[in-house]
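# Structure assessment
Below, each chain spelled out in residue letters.
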Amino acid sequence: MQLSRNEGSTMHQSTLSVPATGGGVKGTVAVPGDKSVSHRALILAALAPGRSTITGLSRGEDPTHTRGALAQFGVEFADEADGTVTVDGGLRHEAADVLDCGNAGTGIRLLAGVCAGVEGLSVLTGDEYLRQRPMGRVADPLRQMGARVEAREGGRLAPLVIHGGNLNGITYHSPTASAQVKSCLLLAGLAASGSTTVVEPAPTRRHTEEMLTAAGVRVDVDGAAVTVHPGPVAPMAHTVPGDPSQSAFWAVAAALAGCVEMPGLYLGYGRKGYLHVLRRMGAAVEMEESTGTVRVSAAGLRAVEITGNEVPGIVDEIPVLAVAAAGAKGTTVISGAEELRFKESDRVSSTVAMLRAFGVQAEERPDGMVIHGRPDGFTPAAVDSAGDHRIAMAAAVAAVARTSGTSTITGWGSVATSYPDFVADLRTASGVTATVSA
Ligand code: S3P
């Protein structure tokens, strides 16, 4: 299942060409399985001694790398004909080889927590983008728990070398609101002596807490403090819901032009903030919590102000919300979003560059951006994805929802990390014959 480095980088260089007329999108889209939940389902199933099943798993390269990494510990995965993945869990030995996490920040940081709890040596690495992203945020607290963690550039960049085992529980006040950091420490805490508490500066998505609890682990949540009590993870049947972050691309396209319905989404804690932002901008948004169905249709959008307290709940959706702001009347200001600079690309820079390519006036700020809306439509663009799947998909939305003429997006292959079927869904929803060339 794992892609070789060469296949990966060749794909990542491809170009999407979008000959659009600004007609927007229409219909029902079945968005892929949630990426955050997929990583965690694979990890919890791997930790649980016995047989688990996972349905609805994301087929993106990111979770696929996590699956490949877990197989190095002797965990057995099998694909059933109906798409279910069967996992015979229980880490049987130290990792047999280097763990290649590809482009996945979630993969490497959560797996670092797992590795810290395993006696023996683990080496974690990833692609050229991941090897530039900050790892001190997990390495430092894991060292406090007793793991020996070495890394490049003074211990802050992957590859990470972890000598695990003999952990003690700690209370850690994280300087960053990051579900990846929190989850890393909760997973390490499963193997520690004593409980582990993570206190966040602002609460973040709660998938790890929810899924550990479902697997029989005691987790206490008290505001922004989460405590895990060490103990076994039970095997279980995981069902992965649709990914709200992927649905955001269609939601923004529809808010600008058209209407769309998306069933089966995760609408739990920390993931539906983008729908609140779109509502504030004037879009018609319906949420059916019991079925996870979201319906969005176009309206004349107006500018919005986004400040730091809202950012953890929309951290992955800001590039595409910026496209909505670009199509809205007025000036949108996004602040308190410095974390965007540490994502798959520096998303403050890459989002502003993408908007400017479409003829939209936008400026960077150290902690965010200012976007001057252009409700009359964008000009066809030549966009560079900066190796970032969300910049690439946000650009495709700008092209189909507000541009007449052909736009191109280079570095399109990065989309395979999270949404391999995006072009097929784009063609169906927009009627535009978008094509990918090498
Ligand atoms: C994720 C958490 C977020 C998000 C990422 C997935 C997760 O990162 O950007 O795409 O699955 O925990 P941070 O928590 O580091 O902000």
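Coordinates for the structure precede this section.
Quick look at the structure, then. (Residues numbered from 1 in each chain as written. Predicted model: local features only at pLDDT ≥ 70, side-chain atom pairs only at ≥ 80, totals over all residues. Heavy atoms only, no water.)

## Digging into the overall build of the chain
- Along the backbone of the chain there are 14 helices and 24 strands.
- Split into buried and exposed, the 438 residues of the chain put 59% on the buried side.
- The centroid of the 36 positive side-chain charges in the chain is displaced by 4 Å from the centroid of its 44 negative side-chain charges. (Helix = DSSP H or I, 4+ residues; strand = E, 2+ residues; numbered from the N terminus. Buried < 20%, exposed > 50% of the residue type's maximum accessible area, 1.4 Å probe, protein only. Lys, Arg positive; Asp, Glu negative; His and termini not counted. Charge placed at Lys NZ, Arg CZ, Asp CG, Glu CD.)

## Structural notes on the packing of aromatic side chains
- Applying the stated criterion to the full structure yields six aromatic pairs.
- Judged by centre distance (6.0 Å) and plane angle (55°), the rings of Phe358 and Phe378 are tilted. Placement of the pair is Phe358 in the loop between α12 (347–357) and β20 (361–365) and Phe378 in the loop between β21 (368–372) and β22 (382–384), with a sequence separation of 20 residues. In this structure, Phe358 and Phe378 share a single accessibility class: buried.
- Considering the side-chain rings of Tyr419 and Phe422, the 5.2 Å spacing of their centres and the 85° angle between planes classify their relative orientation as edge-to-face.
- For Tyr419, a relative accessible area of 1% translates into the label buried.
- Cluster of aromatic residues (ring-pair linked, three or more members): Phe249, Trp250, Trp412, Tyr419 and Phe422.
- Positioned above the aromatic ring of Tyr269, the side-chain terminus of Arg206 is 3.7 Å from the ring centre. (Phe/Tyr/Trp six-rings, centres within 6.5 Å; stacked < 30°, edge-to-face > 60°. Lys NZ or Arg CZ within 6 Å of the ring centre and 35° of its normal.)

## A look at the site of the ligand
- Taken together, Ser36, Arg40, Thr106, Ser178, Ala179, Gln180, Arg205, Val315, Asp316 and Lys343 form the complete shell of residues around the ligand.
- Backbone polar atom of Ala179 to an oxygen atom of the ligand: 2.6 Å apart, as the coordinates give it.
- Between the ligand and Gln180 there is a distance of 3.2 Å, counted from an oxygen atom to a backbone nitrogen or oxygen.
- A total of 390 Å² of accessible area belongs to the ligand in isolation, and the protein chains cover 96% of it.
- Among the secondary structure elements, those contributing two or more residues to the shell around the ligand are α2 (35–47) and α7 (179–189).
- Looking at the shell around the ligand residue by residue, the class counts come to two nonpolar, four polar and four charged. (Near = heavy atom within 4 Å. Polar contact = N/O pair within 3.5 Å; in protein donor to acceptor, adjacent residues only side chain to side chain. Areas by Shrake-Rupley, 256 points an atom, 1.4 Å probe, with all protein chains shown as cover. Nonpolar A, V, L, I, M, F, W, Y, C, P; charged D, E, K, R; others polar.)

## Regarding the environment of Arg271
- Of note, Arg271 is situated in the loop between β15 (258–262) and α10 (273–281).
- The sequence separation of Arg271 and Val315 amounts to 44 residues, and the corresponding C-alpha distance is 9.2 Å.
- Here His207 takes part through its side chain, which lies 2.8 Å from a polar atom of the side chain of Arg271.
- Here the side chain of Arg271 touches Ser245 through a polar contact of 2.9 Å, side chain to side chain.

## Here we look at the pairing of strand β12 (residues 219–222)
- Bridge count between β12 and strand β13 (residues 225–228): four bridges; the pairing is antiparallel. Bridged to Asp220 within β13 is Thr227. (Pairing = 2+ DSSP bridges.)

## Brief notes about the pattern of salt bridges
- Within this structure, the stated rule accounts for 27 salt bridges.
- Note that Lys35 is salt-bridged to Asp62, the shortest N-O span being 3.7 Å. Of this pair, Lys35 sits in helix α2 while Asp62 sits in helix α3 (residues 61–71), placing them 27 residues apart in sequence. In this pair, the class of Lys35 matches that of Asp62, namely buried.
- Asp88 is the partner of Arg51 in a salt bridge, and the nearest nitrogen-oxygen pair spans 3.0 Å. One end of the pair, Arg51, is in strand β3 (residues 50–55); the other, Asp88, is in strand β5 (residues 85–89), and 37 residues separate them in sequence.
- Here Arg51 falls in the exposed class, since its relative accessible area comes to 56%.
- Through salt bridges with shared partners, one network takes in Arg133, Arg205, Asp316, Glu344, Arg347, Asp388 and Arg390. (Salt bridge = Lys/Arg side-chain N within 4 Å of Asp/Glu carboxyl O.)

## Here we look at the sheet that holds β3
- Read across the sheet, four strands follow the order β4-β5-β3-β14 without closing on themselves; strand pairing throughout is mixed. Bordering the open sheet on either side are β4 (76–79) and β14 (237–239), each of which pairs with just one other strand. Strand-to-strand twist of the sheet, defined as the mean angle between neighbouring strand axes without regard to direction, takes the value 20°.
- The pairing of β3 with β14 spans three bridges and is classified as parallel. Pairing of Thr53 across the sheet is with Ala237, part of β14. (Axes fitted to C-alpha atoms, helices over the stretch in contact; angles between N-to-C directions.)

## Overview of α7
- Counting buried residues along α7, 11 of its 11 residues qualify, which places the element largely inside the surrounding structure.
- Those residues of α7 that fall on the buried side of the exposure criterion are Ala179, Gln180, Val181, Lys182, Ser183, Cys184, Leu185, Leu186, Leu187, Ala188 and Gly189.
- The opening residue of α7 is Ser178, an N-cap whose side-chain oxygen sits 3.2 Å from the backbone nitrogen of Gln180.

## Points about the pairing of strand β11 (residues 196–199)
- Summarising the sheet, strand β10 (residues 171–173) and β11 pair through three bridges and their orientation is parallel. Opposite His173, over in β11, you have Val199 as the bridge partner.
- In the sheet, β11 pairs with β13 via four bridges, with the strands oriented antiparallel. Bridge pairing in β13 links Val199 to Ala225.

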